[in-house]
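# Report on the structure
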Amino acid sequence: MRRLENLLFWNLVAAVIIMGEARPNVKFNLQSSSGLKSDCAGNLMRLSLDKALAVGNQLEVEAINGSQHIVLTPSLAAQCGYSMESDPWGNTRIYTSLMGCYVDNKEDTTFNVGLRLRMYSQTPSDVASHDVTQTCSYSRWASREVLCDRNYMEVSNHMATPDAETKGQAQDVKDDSKINTIPGASGAAHGIWKMTFFTPEPVTMVLREAEQAGYAAMITSTRLVMRSPYNTAETYSEDVAGVPMEVFRASVYYKAPHGLSVVNLAAACPTGGVIFTEDVISWHIPRRVTPLIDGSFKVLEMHMGVNGQRLDKSQMAARGYTLSATDFHIVIEIPVGAPDGYYKSHAPDYQYHITYSVEPMLDVLWRADDSQDDTRYKVLFPITTPLVPKLPQVKDDTVPEDRVFSLHLGTFLHDVALRNITFSTGVLTLEECNTRGFTVQEHSLPDGRKSFSLQVPFDADVVLTHNPEPLVTVYFLPLIFGFLILPEETPFAHPVDLEASLEDVVLPTITGTCDKNVFYVSVKYGSQGSSFETMVGPQQLTPELGEVYNLKENGTHFSLVVPYQAKDIVFELITSDSVRARLDVLLWDPTNSWVLDDLYLACNFPLMTTNCYPNGTITTLAVKVESVPNLEPSLLTLKDKSCKPVFSDDRFAYFSFSADSCGTTRTFFDHYMLYENEIGLYYNNKGVAYTSPIDPEYRQTVSCYYVVNETETVEFSYKPKSNNPVAEIGSGQLMVQMRLAQDSSYEHFYEAENYPVVKYLRQPLYFEVELMQSTDPHLELILENCWATLHEDRTSLPSWDIIVDSCENQDDSYVTIFHPVVSNSRVTVPSHFKRFSLKMFTFTKDEEVLKDEIYVHCDAVICDTNSQADGACRGQCVHRTGMSNSRHQGIKAVKREQRSTDSRNQRQISSGPILLLNTQSNF
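One structure accompanies this document, and this report is about it.

Quick notes on the rules
Residues numbered from 1 in each chain as written. Predicted model: local features only at pLDDT ≥ 70, side-chain atom pairs only at ≥ 80, totals over all residues. Heavy atoms only, no water. Helix = DSSP H or I, 4+ residues; strand = E, 2+ residues; numbered from the N terminus. Contact = heavy atoms within 4.5 Å. Areas by Shrake-Rupley, 256 points an atom, 1.4 Å probe, with all protein chains shown as cover. Phe/Tyr/Trp six-rings, centres within 6.5 Å; stacked < 30°, edge-to-face > 60°. Buried < 20%, exposed > 50% of the residue type's maximum accessible area, 1.4 Å probe, protein only. Pairing = 2+ DSSP bridges. Disulfide = S-S within 2.5 Å. Axes fitted to C-alpha atoms, helices over the stretch in contact; angles between N-to-C directions.

### What to know about the overall build of the protein
When you go through the protein residue by residue, the secondary structure sums to eight helices and 68 strands. Put simply, 65% of the contacts in the protein that link residues at least 6 apart link residues at least 24 apart. Carbon and sulfur atoms form 49% of the exposed surface of the protein, whose accessible area is close to 43,900 Å².

### Description of the packing of aromatic side chains
Going through the model one piece at a time under the given rule, you end up with 30 aromatic pairs. Measuring from ring centre to ring centre gives 5.6 Å for W89 and Y342, while their planes differ by 85°; the resulting arrangement is edge-to-face. One end of the pair, W89, is in the loop between β5 (82-86) and β6 (92-97); the other, Y342, is in strand β25 (residues 342-346), and 253 residues separate them in sequence. For W89, a relative accessible area of 12% puts it in the buried group.

### Things to note about the pairing of strand β54 (residues 672-680)
Working note: regular strand, side chains alternate between the two faces of the sheet. As defined by bridge partners, strand β53 (residues 665-668) adjoins β54 across four bridges and the pair is classed as antiparallel. Each bridged residue has a counterpart across the sheet, and for T667 the counterpart in β54 is L674. In this structure, the hairpin formed by β53 and β54 is closed by a connection of three residues. In this sheet, strand β55 (residues 699-707) lies alongside β54 in antiparallel orientation, the contact comprising nine bridges. Bridging from a neighbouring strand, M673 pairs with Y706 of β55.

### Here's the deal with the sheet that holds strand β11 (residues 152-158)
Pairing is mixed across the open sheet formed by eight strands, whose spatial order is β14-β15-β11-β10-β28-β27-β21-β22. Only two strands of the sheet have a single partner each, and these edge strands are β14 (216-219) and β22 (309-310). Where strand β21 (residues 297-306) meets strand β27 (residues 360-368), nine bridges bridge the pair, whose relative direction is antiparallel. What sits directly across from V306, in β27, is P360.

### A few points about the state of the cysteines
Among covalent bonds in proteins, the disulfide is the one between the sulfur atoms of two cysteines. In total, this model carries seven disulfides according to the counting rule given. Two residues share a disulfide in this structure: C514 and C603, whose sulfurs sit 1.9 Å from each other. The sign of the 70° torsion about the S-S bond sets the C514-C603 disulfide as right-handed. You can see C514 sitting in strand β40 (residues 509-514) and its partner C603 sitting in strand β48 (residues 594-606), a full 89 residues away along the chain. Sulfur-sulfur distance for the disulfide between C643 and C662 comes to 1.9 Å. Around the S-S axis, the bridge from C643 to C662 shows a dihedral of about -90° and counts as left-handed. With C643 in the loop between β50 (617-623) and β51 (647-648) and C662 in the loop between β52 (652-658) and β53, the pair connects residues that are 19 residues apart, well separated along the chain. Classification of C643 as buried rests on a relative accessible area of 12%. Judged by its relative accessible area of 10%, C662 falls in the buried class.

### What to know about the sheet that holds strand β2 (residues 44-49)
Within the open sheet, the four strands sit side by side as β1-β2-β6-β5. Their pairing is antiparallel. The sheet is open, and its two edges are formed by β1 (36-41) and β5, each paired on a single side. When strand polarity is set aside, the average angle formed by the axes of neighbouring strands in this sheet is 20°. Alignment of β5 against β6, held across five bridges, turns out to be antiparallel. Bridge pairing links S83 to Y95 in β6.

Okay, structure coming up:
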């Protein structure tokens, strides 16, 4: 802590070193001594060197001894009473003890000190010299003076000797040939002979041996002086009142006119005793320095100083310093940050820390109670606080709506310089930052500290973005600020991550139109340009597909032209003269799996699918539609399974046949005749009847009407146009309703607010169909056909037959049960009611429930029981034998054959939805 080598001399900017080697002869440049100031501080001479002189130079200090100039090396400085203190910026103080080796001492009252400062710049020949001389007067010598400086301990004792003898002794000290003369060999020689150190074991040395060991001893006009560097072999450490101290004790033998005399000398200097808090430095010095004091004593004076200079009470109060004494200690308290010290930045492990350094001084005068001898005890004690981490604070001033990142970073000491900033794209100097529009500024604060600010636009290439939500952009700016601590140029860094979010995303949009042959699609880019994928049907839009679909693109849009026959088009509905086709376009963010926009554009395109020729030839086109995705058109046939397509691909099957072949049926009417056939998928490739648990059965009816000599094409569809699933009300006062009873008693029914009705699988469902607003006993209600669907649309697929041609569906494993109706208070005409039940079921595909709801629909016939013209009025299901229920899970696209409308009216009724609660079993 107290070694001179660690404290004396700084290089580079501080640039203060001792040059112990020979220098070439150069002419002294005796330039102005501006920046140099010398003064006297008690038993010290203090020389202050301003940093303006030291910056960029190396400093060599020489002691002037008459015509000689002695280079003060660190070891010689400690031995001869010189010390040096310099802050990192080159502000330097050099202290010289008035009892130093090369001080011109006039009767111990006047002291002439001479120093030469030699400053070397780039080369040894480039040198500037400053000679400094200072005369100090000091006559308030105490009987014993102990001086504790940075690199040495010094003690001097008053010697009561006659003036003549003292002059002789002083002369003897300068006479090297007589210094070590054995007493008695020369009676005229007066001087130091030897000394004994107590460590505490005695060690004896003659003067020359002591000087070679680094000690100094001399006799002046009135005083015996001895000086010891710290941590020599003959010094030792001792704990005094809890404060560690460095101690040396010696007995010095010297020749006096009256014979050999001996003086006991001792010095003790503190090496610790400092307590740090966040705000205050407390320095404790033992009140009783036991190596120096044996008995009781009285403190006569007690002073505090800084940098070797005493302070009066007003100066101390202005700085916040306190000096106090307890039973065991003298205590000096200094606020951290007081103006006489300085802060310094450091970067251990590249992390920012600071310290505070100050050099207090204690000057105490005490007197032993049993003696008139007094002791002056003076300590110069440099203190540096421990490293304190100072994590720079980031103030994020970003206002997202301004679209500019803005931050303040600080605070830092004045010795910190910002050198560069590392962005996501690389490292930029401050000049490069400002050139690219990133505003970097340094801000000086009133207390001498500084901070830095940075502004970066959101749209800069160094800003990273991502979208946590489709409409939200998160802007992320990772930064690493690179700093240097001056003057050492020690680097350290501080990372900063800034983040801001804005709901500023404009999503792309799709629009589309159709003409008679093609789809036109236009996609307008959003705020993120074309950074998305486009799906056309099941395919991703690639450059190759773009050529097929006439892709055109500019900076804001792209467009497509897609023919309705393209493979990415799906067909929804086919009629005899048109096809309803749909184009699906999807804008997709693959990174986040987001749908940005979609277009489902369905249009009707003219397409004549069936042609009936006068010679009896019929041609028809079967089309694969969306609802039967697994259909292979090549497997389709007419009723005669040997009648296969004359052409087919993966979407179409084309048939050509004569009206009297392929199982075509003929029906005669009054003015026309009807030829009908059916396209279907009857067998798989193994010859087994085709059924699919996934897709509905494919049936397409082909019809040709021939009127007189004309041929007419009649519209058909395997999937009729959608109708709202509501019961149709007939003309007049006749109306039919169907209700779902809560149990088999048919006394309580579910109301509209109870739908959907929840049932378990295979739980009975009790239906009642009633002819309303009629009391005519000659009218009878007959249920002609009933079926179930997944959707409210009575024509939707898949469907399941419940009642076919007035009877149960024999293909159903859970046969429909008809219940008799008897008269009661509610039922006045039983023929106006029909009741049936079935077990709850569901539609499945690959053992997966397609939907957990069903709807039940019926076609009801109202007939006159007095009329014999209509066979339907023979009653509900009176012709079981010979029935054919081939519509198993069929497509109800064509209305069943109407018998006669003379004596009956037909009504359509529906009920539902009925919700399935348990879906573990399959229908």
